Amino acid sequence: MSLVELGMPGVVRRPAPPDGRPAVAGLVDRFGRVATDLRVSLTDRCNLRCTYCMPAEGLPTLPRDAVMTRAEITRLVDVATRELGVRQVRFTGGEPLLRGDLVEIVRDCAALPRRPELSLTTNAVGLESRARALRDAGLDRVNVSLDTLDPDTFATLARRPFLERTLAGIDAAAEVFAVVKVNAVLVRGVNLDHAADLLSWCLERGFELRFIEQMPLDADHAWDRAAMVTAAEVRALLGTRFTLEPDDEPRDGAPAERFRVLDRTTGRALGRVGVIASVTEPFCGDCRRTRLTAEGAVRDCLFAHTETDLLGPLRAGASDGALADLWRTAMWGKRAGHGMDGPGFTQPARTMSAIGG
Ligand code: SAM
Ligand code: SF4
């Protein structure tokens, strides 16, 4: 039986639409994938300028009234969870901590009738003063981005000298959240040699580190398939310092391939590490993701070239059912894969910071 026939918990069944879409009202696509994991970008602004994401001079930012308000975000998360079977919501950006109302957004979403699991992806600059309030508001998990522990390399990669502030944010998160995950992007000639040290540091603190392959979503269009650090290379590099064993737990749609990390000499278990091979070993066939940009547009994929506006209809008075229908139709057209290795691939106009990573 296919996923479409099975449906998903929390998915409302409706009569089959006339265009051949299935009678399941969740976010199903033509290939039977069901999106239950929503990424919401809260802002396109950021206080760092990571070379693989933003240009040095920044990007023109959205006018204030073009960005979803707290109430609009909560309304769309409510539609996603109540009408469309979304179960996990991750707030991202840009830098979500730049939203002064982040704690309130989390609190509102945590109070929804079908409360989703709530998480945050952040560069952790400024998290120190807000980690506890976010936890108290209902945030379940935090992923922080940290590419190096060396202040100069941090300043080179992020183009801002904020390593100490990031580390203070991570410490604060570790005090209040049971699970802290760390995301790192490796750039050849910059921080590739820091990978094993970063893993040691994370293991000592009980953080799960995930290395993400660099994707062509940078504003500078400097991404080079031949020069990027591949997942295979990361595994080989870490293997010179640690023993990596494939994790037995089912992947269950998670983008990271997880490994148990053992001490090379004693065989002692040290923790886990993940490698996200979005480019070289894509997991599009099991993708469960849908995205909302800060302007309230649905993107079915990071690499989509089209978007479906929900904020305009919402502001014009659309009902929950009408918004859900627009969202469903947008996801139905999702392509089988991002096609990054194909001849016709073109980088989307938006950068990672403007999509919501
Ligand atoms: N500002 C927050 C942060 O950095 O965590 C949230 C937004 S950021 C776009 C989300 C994640 O995307 C970060 O972990 C970042 O390292 C990653 N990222 C950004 N650009 C990327 C790229 N070109 N390829 C792969 N990952 C990227
Ligand atoms: Fe900002 Fe995150 Fe992009 Fe770095 S990766 S520039 S912190 S949005």
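Here, every reference points to the structure presented above.
These numbers come from a predicted model, not from an experiment.

Colleague: Give me helix α8 (residues 231–239): which residues, what numbers.
Modeller: Looking at α8, one finds that the buried residues are Ala231, Val234 and Leu238. Buried residues in α8, looked at end-on, bunch into an arc of 55 degrees, giving them a common side. Close packing links the buried residues of α8 with α7 (195–205), β8 (208–212), β9 (242–246) and β11 (269–276).

Colleague: Could you give an account of the nonpolar core, naming the residues involved and the relevant values?
Modeller: By size, the foremost hydrophobic cluster in this structure holds 103 residues, and its most contacted members are Val40, Phe91, Leu134 and Trp327. Among the elements that line this core, the one with the most residues is α7, at 7 residues.

Colleague: Hey, could you go over the sheet that holds β9 for me, with residue numbers and the actual values?
Modeller: An order of β9-β10-β11-β8-β7-β6-β5-β4-β3-β12-β13-β14 is seen for the 12 strands of this open sheet, with the pairing classed as mixed. Single-partner strands in this sheet number two, and they are β9 and β14 (308–309).

Colleague: Break down the site of ligand 2 for me, citing the residues and quoting the values.
Modeller: As a matter of local geometry, ligand 2 sits amid Cys46, Leu48, Cys50, Cys53, Met54, Gly94, Asn123 and Ser353. When grouped by side-chain class, the residues that make up the shell around ligand 2 number 5 nonpolar, 3 polar and no charged.

Colleague: Any chance you could break down the site of ligand 1 for me, citing the residues and the numbers?
Modeller: Near ligand 1, the surroundings consist of 18 residues, among which Tyr52, Gly94, Glu95, Ser145 and Met215 are the closest. At a separation of 3.1 Å, a nitrogen atom of ligand 1 approaches a polar side-chain atom of Glu95. Separating an oxygen atom of ligand 1 from a side-chain N or O atom of Asn183 is a distance of 3.4 Å. Protein chains bury 95% of the 540 Å² of accessible surface belonging to ligand 1 in isolation. When residues of the shell around ligand 1 are traced back to their parent elements, those giving at least two are β5 (117–122) and β7 (180–185). Split by residue class, the shell around ligand 1 holds 6 nonpolar, 10 polar and 2 charged.

Colleague: Which residues make up the environment of Cys50, and what values go with them?
Modeller: You can see Cys50 is positioned in the loop between β3 (37–41) and α2 (70–83). With a relative accessible area of 17%, Cys50 lands in the buried category. Considering only alpha carbons, one finds Cys50 and Glu233, 183 residues apart in sequence, at a separation of 22 Å. With near-sequence residues (within four places) excluded, Cys50 lies in contact with Leu157, Ala158 and Arg159.

Colleague: Lay out the packing of α2 against helix α10 (residues 320–332) in plain terms, naming residues and giving numbers.
Modeller: Think of two packed helices as two axes; the pair is described by the angle between the axes and how far apart they sit. Running from N to C, α2 and α10 cross one another at 75 degrees; their axes reach a closest spacing of 10 Å. By the angle between their axes, α2 is roughly perpendicular relative to α10. From α2, Arg75, Leu76, Asp78, Val79, Ala80, Arg82 and Glu83 reach across to α10, where they touch Asp320, Gly321, Leu323, Ala324, Trp327 and Arg328. Each residue belonging to the contact of α2 with α10 can be placed in one class, and the counts come to 6 nonpolar, 1 polar and 6 charged.

Colleague: How would you explain the side chain of His194 if you had to name every residue and give the values?
Modeller: By secondary structure assignment, the location of His194 is in the loop between β7 and α7. Overall, the relative accessible area of 18% leaves His194 in the buried class.

Colleague: Explain the pattern of salt bridges to me, and be specific about the residues and the numbers.
Modeller: Inspection of the entire model under this criterion finds 26 salt bridges. In this structure, Asp37 and Arg289 form a salt bridge, with 3.5 Å as the shortest nitrogen-oxygen distance. Of the two residues, Asp37 sits in strand β3 while Arg289 sits in strand β12 (residues 289–292), which places them 252 residues apart along the sequence. The exposure class assigned to Asp37 is buried, which follows from its relative accessible area of 12%. Residue classification places Arg289 among the buried positions, given a relative accessible area of 15%.

Parameters and conventions
- Residues numbered from 1 in each chain as written.
- Chains lettered and ligands numbered in written order.
- Predicted model: local features only at pLDDT ≥ 70, side-chain atom pairs only at ≥ 80, totals over all residues.
- Heavy atoms only, no water.
- Buried < 20%, exposed > 50% of the residue type's maximum accessible area, 1.4 Å probe, protein only.
- Helix = DSSP H or I, 4+ residues; strand = E, 2+ residues; numbered from the N terminus.
- Arc of directions from axis to C-beta.
- Contact = heavy atoms within 4.5 Å.
- Core = buried A, V, L, I, M, F, W, Y, C linked by side-chain atoms within 4.5 Å.
- Pairing = 2+ DSSP bridges.
- Near = heavy atom within 4 Å.
- Nonpolar A, V, L, I, M, F, W, Y, C, P; charged D, E, K, R; others polar.
- Polar contact = N/O pair within 3.5 Å; in protein donor to acceptor, adjacent residues only side chain to side chain.
- Areas by Shrake-Rupley, 256 points an atom, 1.4 Å probe, with all protein chains shown as cover.
- Axes fitted to C-alpha atoms, helices over the stretch in contact; angles between N-to-C directions.
- Parallel < 35°, antiparallel > 145°, perpendicular 65-115°, else oblique.
- Salt bridge = Lys/Arg side-chain N within 4 Å of Asp/Glu carboxyl O.

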